[in-house]
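For reference, the chains in residue letters:
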Amino acid sequence: MSLPISSALISVYYKDGLEPLVRLLHEHNVKLYSTGGTQTFIENLGIPVTAVEDLTGYPSIFGGRVKTLHPAVMGGILYRRNLPEDLAQADRHRIPPIDLVVVDLYPFEETVASGASDEDIIEKIDIGGISLIRAAAKNYNDVLIVSSRSQYDGVVSLLTEKNGGTDLSDRREYAGKAFSVTSGYDTAIQQYFLSSPAGDDSATTDVHDFQQLPENHLRYGENPHQQARFFGDLDAMFDKLHGKELSYNNLVDVDACVGLIDEFGDTPTFAIIKHTNACGIATAATAKEAYLNALACDPVSAFGGVVITNGTVDLATAEELNKLFMEILIAPDFAPEALDLLKSKKNRILLRRKPVALPTVMFKTILNGVLEQDKDNTAEVGDQFKTVTLKAPTDSEVRALEFALKVCKHTKSNTIVLAKEGQLLASGVGQTSRVDALRQAIEKAHAFGFDLTGSVMASDAFFPFPDCVEIAGQAGISAVVQPGGSIRDQDSIDYCNQHDMAMVTTGVRHFKH
């Protein structure tokens with residue numbers, strides 16, 4: 001049965017989009033209560049409104065910190081219309097019913113993102129608004145709660161369709177949305193207070209209770225028939241400077257990009273990702289050279305990929321980037337003239353990355369539960385390599401092995417990565433055997449004109465047989481890095497010794513599934 005709305009309390013921070021709802025309520029003879037700036041907004045529309053102070057008989061105090069926290073307000077929302085004792089108390093204390101509550105909370109997250117002082121941020125912690133939302137949502141049997149300006153249009157449509165009333169199912173649905181708003185709001189406050197020092201971004205995001213994070217509905221999931229949502233604050237991590245909205249697959253690739261590029265510090269580096277794997281990555285003296293070397297690895301797969309760099313994109317680099325069809329380009333910054341050029345493609349997404357600490361754990365739903373593990377944050381370098389062959393790698397080979405291993409740990413298993421110093425030559429990705437991964441990598445390297453003589457090979461796991469080093473040696477590869485640990489390690493080491501190849505082990509496996 002549809003329940004009519006006789007009175008409404010409206011208290012919002014942003015007034016955008018509010019007017020149609022206010023006018024609709026007025027058309028249905030709903031008595032309006034309001035506070036401060038919202039009251040002034042409604043009065044300027046020429047619509048009658050009663051100040052909350054007149055309802056409570058008490059002024060706004062402590063600089064506006066206490067306005068609506070009063071029995072005349074909270075009681076009007078919370079009393080149960082089907083209980084005679086509640087009705088009697090409301091009548092005795094002259095508490096009128098409030099059937100609709102419209103609240104838009106203080107912009108806490110926006111204030112934090114603006115770089116405001118700690119004092120200003122604290123003042124943007126909404127107390128009364130949160131209390132109103134929770135009270136109205138709790139009493140959804142009798143009260144409709146509108147907890148965000150994003151809901152105005154939907155409520156206008158609902159009330160228009162149902163002649164100014166609502167059904168219980170409507171009120172319960174909006175109550176659920178309300179608790180989502182309050183939980184996300186409280187989580188943002190919690191994260192601010194847990195950061196150190198006040199307002200610093202060094203604390204990582206706690207993703208264990210992910211549904212407390214801001215919710216973003218995506219167009220669809222991995223495929224168009226799958227629904228999808230992202231829980232998290234993308235605006236805290238990126239400024240979207242241009243292009244369409246990010247999709248599910250975009251977000252997965254962006255995550256892979258960020259993880260890979262963070263391995264390379266400040267050395268000018270470009271990576272090109274396709275389906276979460278690097279189809280090109282290079283470091284060089286300049287950003288332009290790094291990009292061209294990354295593109296050379298596999299210009300076919302680069303088409304429609306996601307590109308990331310760890311430095312400012314200048315005009316010279318942008319002129320080369322603009323020749324490639326890419327979904328997304330991510331950088332810490334863009335020179336103004338470079339940004340203007342890159343915006344020439346309407347749908348190209350341009351993201352300026354901001355310094356935000358990332359979660360240190362990963363989750364995956366399986367069977368009837370969830371797996372959690374630490375992120376693979378280990379990256380072995382030269383002084384951690386153990387030379388197991390007669391021949392030690394040269395300094396240049398050590399640097400190439402370090403480079404290859406960084407790429408290897410971010411590539412789907414089974415994987416083999418072939419590289420030279422500062423450039424990926426090819427990789428074998430996601431194969432059911434390591435031999436197949438190596439053969440795939442060699443074939444791709446040759447297809448794009450790379451001579452593998454003197455190159456290096458990285459493997460995400462040990463070699464159970466010597467066949468991989470045999471094939472690698474025949475292709476001209478001169479140095480190998482692998483975890484070690486096979487009962488047949490010596491067979492691979494013996495082959496390397498017999499063919500003047502260097503091998504180092506790390507003792508650390510880097511499976512990625």
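Heads up: the structure comes first, above all this text.
A quick note: this is a predicted structure, and the numbers were derived from the prediction, not measured.

### Section: the overall build of the protein chain
When helices and strands are counted, the protein chain shows 20 helices and 23 strands. Its C-alpha atoms give the protein chain principal-axis dimensions of roughly 100 × 50 × 45 Å. Evaluated residue by residue, the protein chain yields a buried proportion of 48% over its 513 residues. Contacts in the protein chain between residues at least 24 apart in sequence constitute 56% of all its contacts with a sequence separation of at least 6. Of the roughly 24800 Å² that the protein chain leaves accessible, carbon and sulfur atoms contribute 51%. One finds the centroid of the 46 positive side-chain charges in the protein chain at a distance of 4 Å from the centroid of its 68 negative side-chain charges.

### With respect to the packing of helix 4 (residues 71-78) against helix 8 (residues 128-138)
It is at 8 Å that the axes of helix 4 and helix 8 come closest, and there the two elements cross at 30 degrees. Considering the angle they form, helix 4 stands roughly parallel to helix 8. Contact residues: helix 4 offers Val73, Met74, Ile77 and Leu78, while helix 8 offers Ser131, Leu132, Ala135, Ala136 and Lys138. Classifying every residue of the contact of helix 4 with helix 8 gives 7 nonpolar, 1 polar and 1 charged.

### Some points on the pattern of salt bridges
All told, the structure shown has 19 salt bridges when counted by the stated rule. A salt bridge links Glu173 to Lys177; the nearest nitrogen and oxygen atoms lie 3.5 Å apart. Here Glu173 and its partner Lys177 are both found in helix 10 (residues 168-194), 4 residues apart, which amounts to about one turn of the helix. Look at Lys177 and you get partly exposed, because its relative accessible area is 33%. A salt bridge links Glu245 to Lys240, with the shortest nitrogen-to-oxygen separation between them at 3.8 Å. Judged by its relative accessible area of 37%, Lys240 is partly exposed.

### Details of the nonpolar core
Nonpolar side chains in soluble globular proteins tend to end up buried together. One finds Val254, Ile281, Ile328, Ile330, Leu351, Val407 and Leu424 to be the most contacted residues of the largest nonpolar core, which totals 42 residues. If you tally residues by element for this core, the top one is helix 17 (residues 395-408), at 8 residues. If you look at the next biggest cluster of nonpolar residues, it comprises 30 residues, including Ala72, Ile130, Ala175 and Tyr192.

### Regarding the packing of helix 1 (residues 19-27) against helix 9 (residues 152-161)
Viewed as axis vectors pointing N to C, helix 1 and helix 9 meet at an angle of 25 degrees, and their least axial separation amounts to 9 Å. Accordingly, the angle class assigned to the pair helix 1 and helix 9 is roughly parallel. Crossing handedness for the pair helix 1 and helix 9: left-handed. Judged by residue contacts, Pro20, Leu21, Leu24 and Leu25 of helix 1 engage Tyr152, Val155, Val156, Leu159 and Thr160 from helix 9. Class assignment of the residues belonging to the contact of helix 1 with helix 9 gives a composition of 8 nonpolar, 1 polar and no charged.

### Quick notes on a negative patch on the surface
Where like charges cluster on the molecular surface, the negative patch consists of Asp314, Glu319, Glu337 and Asp340. Within the secondary structure, Asp314 is located in the loop between strand 13 (305-309) and helix 15 (315-321).

### Here's the deal with the pairing of strand 13
The buried fraction of strand 13 is high, at 5 of 5 residues. Residues Gly305, Val307 and Thr309 point to one face of strand 13 and Val306 and Ile308 to the other, with burial holding for every one of them. Summarising the sheet, strand 11 (residues 269-274) and strand 13 pair through 4 bridges and their orientation is antiparallel. From the neighbouring strand, Phe270 faces strand 13, where its bridge partner is Thr309. Pairing geometry for strand 13 and strand 14 (residues 326-331), over 4 bridges, is parallel. Bridge pairing in strand 14 places Val306 opposite Ile328. Handedness of the crossover joining strand 13 and strand 14 through helix 15 is recorded here as right-handed.

### Side note on the sheet that holds strand 4 (residues 50-51)
Taken in spatial order, the 5 strands make up an open sheet running 4-3-2-5-6, and their pairing is parallel. Every other strand in the sheet has two partners, leaving strand 4 and strand 6 (144-146) as the edge strands with one partner each. Pairing of strand 3 (residues 31-34) with strand 4 involves 2 bridges; the strand directions are parallel. Residue Ser34 lies in a different strand from strand 4, and its bridge partner there is Ala51. Contacts from helix 1 reach strand 2 (7-12), strand 3 and strand 5 (100-104), with the element oriented near 165 degrees to strand 2.

### Things to note about the packing of aromatic side chains
One pass over the structure, following the stated rule, counts 8 aromatic pairs. Judged by centre distance (5.5 Å) and plane angle (70 degrees), the ring pair of Phe270 and Tyr291 falls under edge-to-face. Here the residue Phe270 occupies a position in strand 11, and Tyr291 occupies one in helix 13 (residues 287-297), the gap between them amounting to 21 residues. Using a relative accessible area of 0% as the deciding quantity, one classes Tyr291 as buried. Positioned over the ring face of Tyr79 is Arg81, at 4.5 Å from the centre of the ring. The side chain of Lys177 reaches across the aromatic face of Tyr174, ending 4.4 Å from its centre.

### A few points about the pairing of strand 2
When you tally the buried positions in strand 2, you get 6 out of 6 residues, the bulk of the element. Here strand 2 shows no split at all, with Ser7, Leu9 and Ser11 on one side and Ala8, Ile10 and Val12 on the other all buried. Where strand 2 lies against strand 3, 4 bridges are found, and the strand directions are parallel. Among the inter-strand pairings, Ala8 is bridged to a residue of strand 3, identified as Leu32. Each parallel crossover has a hand, and the one from strand 2 via helix 1 to strand 3 is right-handed. Relative to strand 5, strand 2 runs parallel, the two sharing 5 bridges. The residue bridging Leu9 from the neighbouring strand is Val101, located in strand 5.

Definitions and cut-offs
Residues numbered from 1 in each chain as written. Predicted model: local features only at pLDDT ≥ 70, side-chain atom pairs only at ≥ 80, totals over all residues. Heavy atoms only, no water. Helix = DSSP H or I, 4+ residues; strand = E, 2+ residues; numbered from the N terminus. Buried < 20%, exposed > 50% of the residue type's maximum accessible area, 1.4 Å probe, protein only. Contact = heavy atoms within 4.5 Å. Areas by Shrake-Rupley, 256 points an atom, 1.4 Å probe, with all protein chains shown as cover. Lys, Arg positive; Asp, Glu negative; His and termini not counted. Charge placed at Lys NZ, Arg CZ, Asp CG, Glu CD. Axes fitted to C-alpha atoms, helices over the stretch in contact; angles between N-to-C directions. Parallel < 35°, antiparallel > 145°, perpendicular 65-115°, else oblique. Nonpolar A, V, L, I, M, F, W, Y, C, P; charged D, E, K, R; others polar. Salt bridge = Lys/Arg side-chain N within 4 Å of Asp/Glu carboxyl O. Core = buried A, V, L, I, M, F, W, Y, C linked by side-chain atoms within 4.5 Å. Left-handed = near helix turned anticlockwise from the far one by under 90°. Patch = residues over 30% accessible without salt bridge, like charges linked within 9 Å, V, L, I, M, F, W, Y side chains within 5 Å. Pairing = 2+ DSSP bridges. Right-handed = clockwise from strand over helix to strand, strands pointing away. Phe/Tyr/Trp six-rings, centres within 6.5 Å; stacked < 30°, edge-to-face > 60°. Lys NZ or Arg CZ within 6 Å of the ring centre and 35° of its normal.

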